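Residues per chain are reported as follows:
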Amino acid sequence: MIPVKICGITDAQAAWAATCAGASFVGFVFHPSSPRAVTPEEAAAIARDCAGQIKTVALFVDPTDADLQAVFDAFSPDMIQLHGAEAPERVGWIRAHAGRAVIKALGVAQALDIAAARTYEEVADWILFDAKPAGGGVGGGTGTSFDWDLLKDYKGARPWMLSGGLNARTVAAALAVCKPDAIDLSSGVEDAPGRKNPDLIHDFFEELARMG
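## A short note on the side chain of N197
Then step 1. As for its placement among the helices and strands, N197 is situated in the loop between β10 (195–196) and α7 (198–211).
Then step 2. Within the structure, the side chain of N197 is placed 3.0 Å from the side chain of D191, a separation counted as a polar contact.
Then step 3. N197 has contacts with V189, E190 and D191, leaving out every residue within four places of it along the chain.

So, in structure tokens, the structure goes:
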């Protein structure tokens with residue numbers, strides 16, 4: 001089964017549901033304006049029960065050094081996700097100083113956005129393609145997809161994740177078009193932003209299992 005990341009975890013029930021269902025990663029958002037934002041202390045408490053069973057990912061948007069340190073003082077994620085406009089040099093610096101694997105997220109609306117991944121291949125361990133929000137701003141967790149055909153023939157130097165509008169009803173269509181190394185979802189298993197539904201998580205993995 002393809003590895004799955006459930007992002008925007010805000011409570012222990014959701015983290016445990018993702019772990020039991022077979023997720024490979026759970027993501028915690030440290031972007032204050034997000035409805036899925038948690039504090040470092042909350043993330044540490046939520047992740048405690050599933051420690052060692054699943055990889056934890058700390059998601060930042062254009063973090064300062066102080067932002068990173070504030071999280072690492074209380075929470076020790078396995079990986080970092082950078083979901084802002086971080087330049088390759090900044091991504092490389094964070095990766096080196098944090099000593100953790102980095103996922104660099106890129107918003108996609110056209111083929112040119114895919115090409116931008118090349119500039120991050122030497123400084124990130126994973127590339128994540130998500131829908132670019134209309135009118136700019138920070139993407140992620142909007143439930144919006146993009147044209148998966150843009151990634152139909154994509155072959156990068158790093159493994160990559162597909163995100164944007166994925167749920168139990170859309171994942172089969174997405175994977176029929178492109179072949180990511182992992183998939184990432186958030187709103188697709190929620191009742192409302194920040195409120196994960198364990199039943200929807202279960203249904204998503206049931207669909208993946210059905211697909212074989």
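Okay, back to it.
## Quick word on the sheet that holds strand β1 (residues 4–6)
Then step 1. Taken together, eight strands build a closed barrel; the order of strands is β1-β2-β3-β4-β5-β6-β7-β8 and the barrel is parallel. Direction aside, the axes of adjacent strands within the sheet are offset by 30° on average.
Then step 2. Strand direction decides the pairing type here: strand β2 (residues 25–29) and strand β3 (residues 55–60), joined by five bridges, are parallel. Residue pairing across strands places F25 opposite K55, the latter belonging to β3.

## Topic: the pairing of strand β4 (residues 79–82)
Then step 1. In β4, alternate side chains face the same way, and those of M79 and Q81 on one face and I80 and L82 on the other are all buried.
Then step 2. Here β3 runs beside β4; their pairing, made up of four bridges, is parallel. Each residue of the ladder has a partner; that of V57, found in β4, is M79.
Then step 3. Handedness of the β4-helix α4 (residues 88–98)-strand β5 (residues 101–108) crossover: right-handed.

## Re the nonpolar core
Then step 1. F28, F129 and L162 are the most contacted members of the largest nonpolar core, which totals 58 residues.
Then step 2. Other than its neighbours up to four places away in sequence, L162 contacts F129, F146, W148, L151, A174, C178, P180, A182, I183 and D184.
Then step 3. F25, A105, L128 and A182 belong to the second largest nonpolar core, which has nine residues in total.

## A short note on helix α3 (residues 65–72)
For an α-helix, the turn length of 3.6 residues means that residues three or four places apart are oriented alike.
Then step 1. Every buried residue of α3 is listed here: L68, V71 and F72. When α3 is viewed along its axis, its buried side chains cluster within an angular range of 95° and face the same direction.
Then step 2. Structurally, α3 contributes buried residues whose contacts are with α2 (40–47), β3, β4 and α4.

## Overview of the environment of L208
Then step 1. Mapped onto the secondary structure, L208 falls in helix α7.
Then step 2. The exposure class of L208 is buried, given its relative accessible area of 5%.
Then step 3. Counting along the chain gives 36 residues from L208 to A172, while the straight-line C-alpha distance between them is 7.9 Å.
Then step 4. Non-local contacts of L208, meaning those with residues more than four positions away in its chain, are made with M1, I2, V4, V171, L175 and I183.

Reading the values: rules and limits
- Residues numbered from 1 in each chain as written.
- Predicted model: local features only at pLDDT ≥ 70, side-chain atom pairs only at ≥ 80, totals over all residues.
- Heavy atoms only, no water.
- Helix = DSSP H or I, 4+ residues; strand = E, 2+ residues; numbered from the N terminus.
- Polar contact = N/O pair within 3.5 Å; in protein donor to acceptor, adjacent residues only side chain to side chain.
- Contact = heavy atoms within 4.5 Å.
- Pairing = 2+ DSSP bridges.
- Axes fitted to C-alpha atoms, helices over the stretch in contact; angles between N-to-C directions.
- Buried < 20%, exposed > 50% of the residue type's maximum accessible area, 1.4 Å probe, protein only.
- Right-handed = clockwise from strand over helix to strand, strands pointing away.
- Core = buried A, V, L, I, M, F, W, Y, C linked by side-chain atoms within 4.5 Å.
- Arc of directions from axis to C-beta.

Nothing here speaks to function; it is all geometry.
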